Every structure is written in C-alpha cells, then in structure tokens.
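# Structural features, examined
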Amino acid sequence: MAWSTPRRSSPGDLPARCGLALRPAHYTALVEERPEVPFLEILAENHVQPGDPARGVLETLRARVPVTLHSVGMSLGGIDPLDASHLAKLRALADDLEPALVSDHLAWASLDGRQLHDLLPLPYLEEAVTHVAERVARAQDALGRRIAVENVSGYARFAESELAEWEFLAEVAARADCLILLDVNNVFVSAANLGFSAEAYVDSLPLERVAQLHLAGHEASGDLLLDTHGAAVPPAVWSLFERAVVRFGARPAVLERDRAIPPLGALLDEARKADALLARARPHAVSVAG
Amino acid sequence: MRCPLLAELQRAFARELFADGARLRVHRETTLAALAGALEAVHPVCLRLVGADFFHALARRFAREVPSVSPDLSDYGTGLGDYLERFEPARALPYLPDVARLEWALHRARHAADGAALALSRVAALPEARRGELSFGLAPGTTLLDSVYPIDRIWRTNQPDFTDDASVCLDADPALLVVAREPRGACFTRVSRAELDLLLGFARGLPLERASAAWPDTAESLGAALARAVEARWIG
C-alpha cells in the first residue's frame, strides 16, 4: 500500500507509556498546570470545524507533547461510500497536528446517508473482510497515513458471523496492511456480553500489528456490561491489560474517561499505574511496521 | 456492492435499532443520547425556557425523526426552529422557534471559519459610477434573523449570570438581528429594517445598486452601514 506523502510522525515517536484521552473538562488544568503527560489522544470529530473553538488549546498542547488522533466517523465497516469530504477534514487536521497515530474502529456508523453516532457491530463474514480491508486501505490513502483499527464493545452478535472477531480483525489488518489498536476494556466488555474468552482474544492477535492499547472502565446494567468510560479501570481489566502488555511488549497506551470525569490528578495517577506495568514489560519484541 | 449479506444485515440492524425492541436498546440509547445531547448543548436558552425534562423529550423526538447527515455532531440540529413551529406541545411559547434559530445561528458562528477582512479600499478604488456593481456575500457563520419577538432580550435575560430586570414585553418589539462571527467573537446585533434588507439582498447575490435600491436614507448613512458591516465581518 502506498500513500502520497511521507509520514512525519509515527507510532515509534510515542513513548511506551500511558497517555490520556483529551477531554474539555481538563483543558484548563492541562494548559495552566502543565502536568507531565506522555502524550494526548485527540478525538478527531470534535475538532474538524473550521472555527473549532478549542483549536488554540490543541495547538498549545501539541507544542508540548505528542498527540494521536482518534476518529469515530469514518464508518470503516459501512456500506455507504466512504465520506470523502469528512476524510479530507480529518486529513487537514492530521496534517496540522502531525499525530503519531490516526485510528478509527472496526465498526459501521452510518447507513444510507444517516449517521448513527455509534460504533455498530459487524457480522464477521468472509465477504466483509475484503470489503472492510479495501475501505481501510482507501481511508489510509485519503489520509496519507497508515491507520490503526480498534475493536469495539459488543452488545449484540450476528448469528451469520463466520469468523471470531479477533480472526476478522487480524485478517482485515493483514489485507489492508493497517495497524491494530487493542482496547482491552472493550475486549472484556464484549467477552462478558457475548460469551467468548477475553484471554483468547488477546492471545490471538498478531504481535506485529498491535500498535497501541486502550484502557477504560465500564459499568453494569442488568445483564450487560456497558462501555461507558464512566468508572475507574476495574481489577479484571487491569489483569487483561497486564496480559496484553506481557504478550505485545511495552506499547503506548491511552486511558479514556468520558463520564464522572475525575480531576486530572486522579486520572494521571491511574495512568501511572499503567506506566508501572509497561515499565516492567520487555521492550517491543516485534517492531510495529511503520 | 459485492457484499449482499453484509448490506442486508446492516439494513435489518438499522430497522431494529429504531424499532423499540430490547435487543438493540444499548445502541439505540447511544444514538439518541448523542443526538439529544448535541441539541441540548447548542440550545441552553430553549432548555431553560421549557425546562430540562421537556427539552429532553423534545430532543429525543427530534433525534428519532430528523436524521443526522454528518459524522460531525456539531452539524446536527439545523432545523430545530422549523421543527418547533410544528411541535404542538410548545405552542404556548410562540417565540421558542425563533429563540432556537438564534441559538443555532450563534452555534454556527462559533464554529465558522474566520471571514477574511474586506478591504474598504477596494470600494474606494472603484470609480463612483461603478460602485453600484459591487457584490458582497455574507461571511461564513453570518445569519440574518427577522423575528416578531424580542428574542435577543429573551436570550440575554436567560443567561446564567443575568441579574437585572428579567421582564420581557413580547408585543411590539420585533428583533431584526445579524448573528455573526465578529472579531470579538460570535455575537448578535440589532439592525434596522433597511440594514437587514440590504444584507438580505447581498445574501441573494444582488449587487450593491440593487440591494440598496430601497435604502431610505442619505448616501452617507448607506456608507456608514456598509462600513459597519465590513468592520464587524458580517459580509465578506
């Protein structure tokens, strides 16, 4: 796969530590208190407007720390045509911010022109592997960068699926020659909701493609675990994270929090716990293809 | 489309998503909460006028009926004013649609690109006889509002930090407003009927001569109105 410009920044530019998902609640603390943060993950769709009110904050922070760009809007698993105008906005944002990594999800988010603003599950069909891989490849071309594709939380499964999710993800990544962003909380939530082994998932993904890890907490509602990012990382997710770190080696990780957002200091303490696990891990056993 | 089964399964999923079955409740809630949350964030004054519960119910109904067409949530909510015109439960607040239009216009102004400063020297450089041929467009993020209600005063008296006399006279105080991304930020300004008509003419692509054909005043005041529109970056 070829892209049109050389990448100026790559996953190798990120420290193998735990960064934070940037949220407006922490803009002031990050800008004014200047805490030590290894890197920040920017939610792309919040910043694609031409007059984005937060652009100044992003530029200030970008001058201090590396960033990654996380999208929820490419609908990589969708059947609508890829949204060229949205991809152009993401490209412009990426060219401005020079993120070390751009990512989106193994999911669909729009259908027949209607945006659903959710990361919807795919049926893991052989026919869909080629379809999704081609879309990822075209998105990479449009963005001028290799991207990472993240596993989402599952609440419903398709009886028609022919592959396990991890098989499907690995196959898409191989055919699109993209990277994988492994969200261990999403694996845990999906495994509990859909009845598969979280450990088998982590143990099965290809070493050379997992470029980054995501960490978060979830909440229970009835029979389901909900990926709310609304609580601290629970012990079971820490265990799975540790398993991933042992298997994949020290990789950059991101702590995400979207509800009941605590003060920045509390999140940084939680990220340092991840740092301690990453510091004990062997360095990248297998380098992530650039 | 080489994935007939994938397409069929996604269409079936989407149909079930908006039906009220329990199986996809989590996904339905995520979608509706995202859209309703976007409307609430953009319309704090409407929310305050009708109360949080009422607005929440309104927003969820709007979210079900009006599809989002942009991956960027901040594009969602255009048309809430029109929707409110037909929304029976809000009939008791006839000014609510225009307040929603004002909040939407402010939101667009906040997120618009900065308009390039228009050089008045460009106008001055033209021979006087040809100035009438000049065309101006509205700057990105500029909206013109023509309300029979004092929606600017309703907006101001419903700001969290407003402490003065909050009484509003709904009769005989129409608000003709330019909402724009001015150098000082997104804001709105009351203008005269003549000024609004001039700007509406520009918005329709009319050259200065035709846009100002009904200008009632002296040439100086037309010049002053143009200077004000340029300085505030209403036109570009």
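Scroll up a little and you will see the structure.
Let me sum up the structure you'll find in this document. (Residues numbered from 1 in each chain as written. Chains lettered and ligands numbered in written order. Predicted model: local features only at pLDDT ≥ 70, side-chain atom pairs only at ≥ 80, totals over all residues. Heavy atoms only, no water.)

What follows covers the nonpolar core. Ranked by size, the top nonpolar core spans 96 residues in total, and within it Leu-40, Val-136, Phe-168, Leu-182, Leu-205, Leu-215 and Phe-241 of chain A carry the most contacts. Those residues in contact with Leu-205 of chain A that lie beyond four places of it in its chain are Trp-166, Leu-169, Ile-180, Leu-182, Val-210, Arg-247 and Phe-248 of chain A. Within the second largest apolar cluster, 34 residues are counted, among which are Tyr-76, Tyr-83, Ala-90 and Tyr-149 of chain B. (Core = buried A, V, L, I, M, F, W, Y, C linked by side-chain atoms within 4.5 Å. Buried < 20%, exposed > 50% of the residue type's maximum accessible area, 1.4 Å probe, protein only. Contact = heavy atoms within 4.5 Å.)

What follows covers the sheet that holds strand β2 (residues 175-182) of chain B. Residue and element names in this part refer to chain B. Pairing is antiparallel across the open sheet formed by three strands, whose spatial order is β1-β2-β3. Two strands bound the open sheet, and with one partner strand each, they are β1 (143-147) and β3 (185-190). Direction aside, neighbouring strands of the sheet carry axes that sit 20° apart on average. Strands β1, β2 and β3 of the sheet are contacted by helix α6 (residues 96-111), whose axis makes an angle of about 20° with β2. (Pairing = 2+ DSSP bridges. Helix = DSSP H or I, 4+ residues; strand = E, 2+ residues; numbered from the N terminus. Axes fitted to C-alpha atoms, helices over the stretch in contact; angles between N-to-C directions.)

Attention shifts here to the packing of helix α1 (residues 4-18) of chain B against helix α2 (residues 25-42) of chain B. All names here are of chain B. Where α1 contacts α2, the axes come no closer than 9 Å and their chain directions differ by 75°. One finds that α1 runs roughly perpendicular with respect to α2. Two secondary-structure elements touch here, α1 through Phe-13, Glu-16, Leu-17 and Phe-18 and α2 through His-27, Arg-28 and Thr-31. Across the contact of α1 with α2, the residue classes tally to three nonpolar, two polar and two charged. (Parallel < 35°, antiparallel > 145°, perpendicular 65-115°, else oblique. Nonpolar A, V, L, I, M, F, W, Y, C, P; charged D, E, K, R; others polar.)

It is worth spelling out the packing of aromatic side chains at this point. In this structure the tally under the stated criterion is 14 aromatic pairs over all chains. With centroids separated by 5.5 Å and ring planes inclined at 75°, the aromatic side chains of Trp-108 of chain A and Phe-13 of chain B adopt a geometry described as edge-to-face. With Trp-108 of chain A in strand β5 (residues 108-111) and Phe-13 of chain B in helix α1, the pair connects residues from two separate chains. We classify Phe-13 of chain B as buried; its relative accessible area is 3%. Linked through ring pairs, Phe-54, Phe-62, Tyr-76, Tyr-83 and Phe-87 of chain B together constitute an aromatic cluster. Directly above the ring of Phe-18 of chain B sits Arg-114 of chain A, whose terminal nitrogen or CZ lies 4.1 Å from the centroid. (Phe/Tyr/Trp six-rings, centres within 6.5 Å; stacked < 30°, edge-to-face > 60°. Lys NZ or Arg CZ within 6 Å of the ring centre and 35° of its normal.)

Facing the 40 residues of chain A at the interface are 40 residues of chain B. Of all residues in chain A, Gln-49, Arg-114 and His-117 of chain A give up the largest surface area on contact with chain B, accounting jointly for 21% of the area buried on that side. Taken together, chain A and chain B are joined by one salt bridge. Its salt-bridge partner being Asp-112 of chain A, residue Arg-11 of chain B comes within 2.7 Å of it at the nearest N-O pair. Between chain A and chain B we count 14 residue pairs in polar contact (both at pLDDT 80 or more) in total. Where the side of chain A that touches chain B is concerned, the elements lending two or more residues are β5, β6 (114-120), α4 (126-143) and β11 (224-226) of chain A. Here the side of chain A that touches chain B gets seven residues from one element, more than from any other, and that element is β6 of chain A. Per-class residue counts for the side of chain A that touches chain B are 19 nonpolar, 11 polar and 10 charged. (Buried area = accessible area lost by both parts, 1.4 Å probe. Salt bridge = Lys/Arg side-chain N within 4 Å of Asp/Glu carboxyl O. Polar contact = N/O pair within 3.5 Å; in protein donor to acceptor, adjacent residues only side chain to side chain.)

A complete count under the given rule lists 30 salt bridges over all chains for this structure. Among the ionic pairs, Arg-280 of chain A bridges to Glu-242 of chain A, the shortest N-O distance being 3.6 Å. Here Arg-280 of chain A, found in helix α9 (residues 264-280), pairs with Glu-242 of chain A, found in helix α8 (residues 235-248); they are 38 residues apart in sequence, far enough to count as distant. The class of Arg-280 of chain A is exposed, set by a relative accessible area of 61%. A salt bridge links Arg-108 of chain B to Asp-75 of chain B; the shortest N-O distance between them is 3.2 Å. Of the two residues, Arg-108 of chain B sits in helix α6 while Asp-75 of chain B sits in the loop between α4 (52-65) and α5 (80-85), which places them 33 residues apart along the sequence. On the accessibility criterion, Arg-108 of chain B (27% relative accessible area) is partly exposed. Residue Asp-75 of chain B is classed as partly exposed on the basis of its relative accessible area of 21%.

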